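Here is how the chains run, residue by residue.
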Amino acid sequence: MTQEDKELLLKDICGRLPYNVKVRSYNCEDDIEIVETLYNIDSDGYMSTLECDTLKNITKPYLFPLSGMTEEQKEEYCQLQQKIIYNSKGLVDTDIMNYVNWCYKNHIDCNGLIPMGLALDATNLNIY
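This report concerns the structure included in the present document. (Residues numbered from 1 in each chain as written. Predicted model: local features only at pLDDT ≥ 70, side-chain atom pairs only at ≥ 80, totals over all residues. Heavy atoms only, no water.)

**Considerations on the pattern of salt bridges**
Opposite charge on two side chains lets them pair, provided their charged atoms get close.
Right, on to step 1. All told, the structure shown has 2 salt bridges when counted by the stated rule.
Right, on to step 2. The salt bridge partner of D12 is R16, with a shortest N-O separation of 2.6 Å. Taken together, the residues span about one helical turn, with D12 and R16 both in helix α1 (residues 3-16) at a distance of 4 residues.
Right, on to step 3. Overall, D12 belongs to the buried group, its relative accessible area being 0%.
Right, on to step 4. The residue E71 makes a salt bridge to K74 at a minimum N-O spacing of 3.5 Å. Here the residue E71 and the residue K74 both occupy positions in helix α3 (residues 71-85), the gap between them amounting to 3 residues, near one helical turn.
Right, on to step 5. Judged by relative accessible area, K74 falls into the partly exposed class, the value being 32%. (Salt bridge = Lys/Arg side-chain N within 4 Å of Asp/Glu carboxyl O. Helix = DSSP H or I, 4+ residues; strand = E, 2+ residues; numbered from the N terminus. Buried < 20%, exposed > 50% of the residue type's maximum accessible area, 1.4 Å probe, protein only.)

**Observations regarding the environment of I85**
Right, on to step 1. Among the structural elements, I85 can be located in helix α3.
Right, on to step 2. Residues I85 and D95, 10 residues apart in the sequence, show an inter-C-alpha distance of 9.5 Å.

**Things to note about the packing of aromatic side chains**
Right, on to step 1. Counted by the stated rule, this structure contains 3 aromatic pairs.
Right, on to step 2. When the ring of F64 is compared with that of Y128, the centres are 5.8 Å apart and the planes differ by 55°; the resulting orientation is tilted. Highlighted residues: F64 in the loop between β5 (58-63) and α3 and Y128 in the segment after β6 (120-121), separated in sequence by 64 residues.
Right, on to step 3. The exposure class assigned to Y128 is partly exposed, which follows from its relative accessible area of 34%.
Right, on to step 4. Ring centres of Y77 and W102 lie 6.0 Å apart, and the angle between their planes is 50°; this geometry places the pair in the tilted category. Placement of the pair is Y77 in helix α3 and W102 in helix α4 (residues 93-105), with a sequence separation of 25 residues. We note that Y77, like W102, is buried.
Right, on to step 5. By the ring-pair criterion, three or more aromatic residues cluster together here, those being Y77, Y99 and W102. (Phe/Tyr/Trp six-rings, centres within 6.5 Å; stacked < 30°, edge-to-face > 60°.)

**Focus on the nonpolar core**
Right, on to step 1. With 9 residues, the main nonpolar core is built from M69, Y77, L80, Y99, V100, W102, C103, Y104 and I108.
Right, on to step 2. For this core, the element with the highest residue contribution is α4, accounting for 5 residues.
Right, on to step 3. If near-sequence neighbours (up to four positions away) are discounted, W102 is found in contact with M69, Q73, E76, Y77, L80 and I108.
Right, on to step 4. One finds L63, L113, L118 and A119 within the second-largest nonpolar core, a separate group that totals 6 residues. (Core = buried A, V, L, I, M, F, W, Y, C linked by side-chain atoms within 4.5 Å. Contact = heavy atoms within 4.5 Å.)

Here's what the structure looks like:
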């Protein structure tokens, strides 16, 4: 993995932290791969992360490819894109952030990590 790939993956995962992104992790004690939530905010507003040893063994996040969106998601996705394309207000920063955050919230691979081998396809895994 190149340094550029590592930076892209880190930026992508950091943007997804508030949305309970699932990652593949390697449990050294049991010699198995497991799926875990990287980061959580509980009902009291406290943050929790995986154990420090587990953080060292994270391999890839689980995401959905753009081609795997539901019809409802496709409609919402297109509406968000149209707000960016047909914005007459001038600045589109808010519209772009709404689009990116929607992709992160829905675990959509908007950065093309799956084809690059930097993320795993979550389709049909029922982990979200």
